[in-house]
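These are the residues of each chain, in order.
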Amino acid sequence: ASERQEYPLTQKLVCGACGATFVRRKNKGSGLNVWVCRRHDDKADSCPTGRIREDAVYRAFVRMYNRLKQNESVIFQPALSQLDALIDTAHRDNPAILEINQAIAQNTEQNYKINLLQSKGLLDEETCAARRNMINAKLNQLRVKRRRLLENDDIDEAAEVLRRTASLIQKGPDALESFDETLFDELVEQIIVD
């Protein structure tokens, strides 16, 4: 049995009409790689969503990244401030949660400082990796503890995802000239195709 090949878009493109994932095909006429809804591919009448070119998705990602990079302070800071205000309001009467949030913030700051020291050549990769692993283990413990204390942690999860995205954009290149598979994988969980 042959193994199915993985591509950057594998399992990331989802049909907005029927919810099926997209599969990769080579266009016979142009020779270009295209992605098509699995149901539409099996039987065109099953779903109205047609094919999209792979290079069009890659170009859209490059445009999205560059816009986010150019406008990160306008996009991320206000959104994070609003989420933090919501979280603060929701947790104001719970000192245990505030204490955990402070510990998470401190550990996140330590991670940032380690990355900064490494980027300046003051810490080697092995030392940085060991310290990051320790900090990430602590962060995971703190998040688990916080989840247990929260009845509804949707806001916290949204804030964490937004912080992670903002951090990836901030650390990323000033501009993308072409598709970056690693950055795409880190930033994009799913694309709904309408």
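We now turn to the structure provided with this report.

The rules behind these values
Residues numbered from 1 in each chain as written. Predicted model: local features only at pLDDT ≥ 70, side-chain atom pairs only at ≥ 80, totals over all residues. Heavy atoms only, no water. Phe/Tyr/Trp six-rings, centres within 6.5 Å; stacked < 30°, edge-to-face > 60°. Helix = DSSP H or I, 4+ residues; strand = E, 2+ residues; numbered from the N terminus. Buried < 20%, exposed > 50% of the residue type's maximum accessible area, 1.4 Å probe, protein only. Pairing = 2+ DSSP bridges. Expected span 1.5 Å × (residues − 1). Axes fitted to C-alpha atoms, helices over the stretch in contact; angles between N-to-C directions. Parallel < 35°, antiparallel > 145°, perpendicular 65-115°, else oblique. Left-handed = near helix turned anticlockwise from the far one by under 90°. Nonpolar A, V, L, I, M, F, W, Y, C, P; charged D, E, K, R; others polar. Core = buried A, V, L, I, M, F, W, Y, C linked by side-chain atoms within 4.5 Å.

Regarding the packing of aromatic side chains
Considering all chains together, one arrives at 5 aromatic pairs under this definition. Arranged with centres 5.8 Å apart and planes meeting at 70°, the rings of Phe61 and Phe179 form a pair that is edge-to-face. Residue Phe61 is found in helix α2 (residues 54-70), and its partner Phe179 is found in the loop between α6 (154-171) and α7 (181-187); the two are separated by 118 residues along the sequence. Among the residues examined, Phe61 registers a relative accessible area of 4% and is labelled buried.

A word on the sheet that holds strand β2 (residues 22-26)
Spatially, the 3 strands line up as an open sheet ordered β2-β3-β4, and their pairing is antiparallel. Bordering the open sheet on either side are β2 and β4 (52-53), each of which pairs with just one other strand. Note that strand β3 (residues 33-37) and β4 share 2 bridges and pair antiparallel. Bridge pairing links Val34 to Arg53 in β4.

What about helix α4 (residues 95-119)?
At 3.6 residues per turn, the α-helix brings residues three or four places apart onto the same side. Here α4 contains 25 residues, and its C-alpha end-to-end distance of 36 Å stays within 8% of the 36 Å for a straight helix at 1.5 Å per residue. Every buried residue of α4 is listed here: Ile97, Ile100, Asn101, Ala103, Ile104, Asn107, Asn111, Ile114 and Asn115. One or two residues past the end of α4 sits Gly121, with phi positive at roughly 80°.

Points about the pairing of β3
Moving residue by residue along a regular strand, the side chains alternate between the two faces of the sheet. β3 sits mainly inside the fold: 5 of its 5 residues count as buried. Strand direction decides the pairing type here: β2 and β3, joined by 5 bridges, are antiparallel. Paired with Lys26 across the strands is Asn33, a residue of β3.

Considering the packing of α4 against helix α5 (residues 125-149)
Their axes nearest at 10 Å, the elements α4 and α5 cross at an angle of 165°. One finds that α4 runs roughly antiparallel with respect to α5. Considering only the axes of α4 and α5, their crossing is left-handed. Here the contact of α4 with α5 is built from residues that sort into 11 nonpolar, 8 polar and 7 charged.

Overview of unusual backbone geometry
Residues other than glycine seldom take positive phi values, yet Gln11 does so here, at roughly 65°. Note on placement: Gln11 falls in the segment before β1 (13-15).

Concerning the nonpolar core
Most often, soluble globular proteins have nonpolar side chains that are buried together. Leu9, Leu13, Phe22, Phe61 and Leu187 are the most contacted members of the largest nonpolar core, which has 29 residues in total. If you list the elements that add at least two residues to this core, you get β1, β3, α2, α3 (72-91), α6 and α7. Of the residues forming this core, the biggest block, 6 residues, is contributed by α2. Grouped together as the second largest cluster of nonpolar side chains are 9 residues, Ile114, Ile135, Leu139 and Leu142 included.

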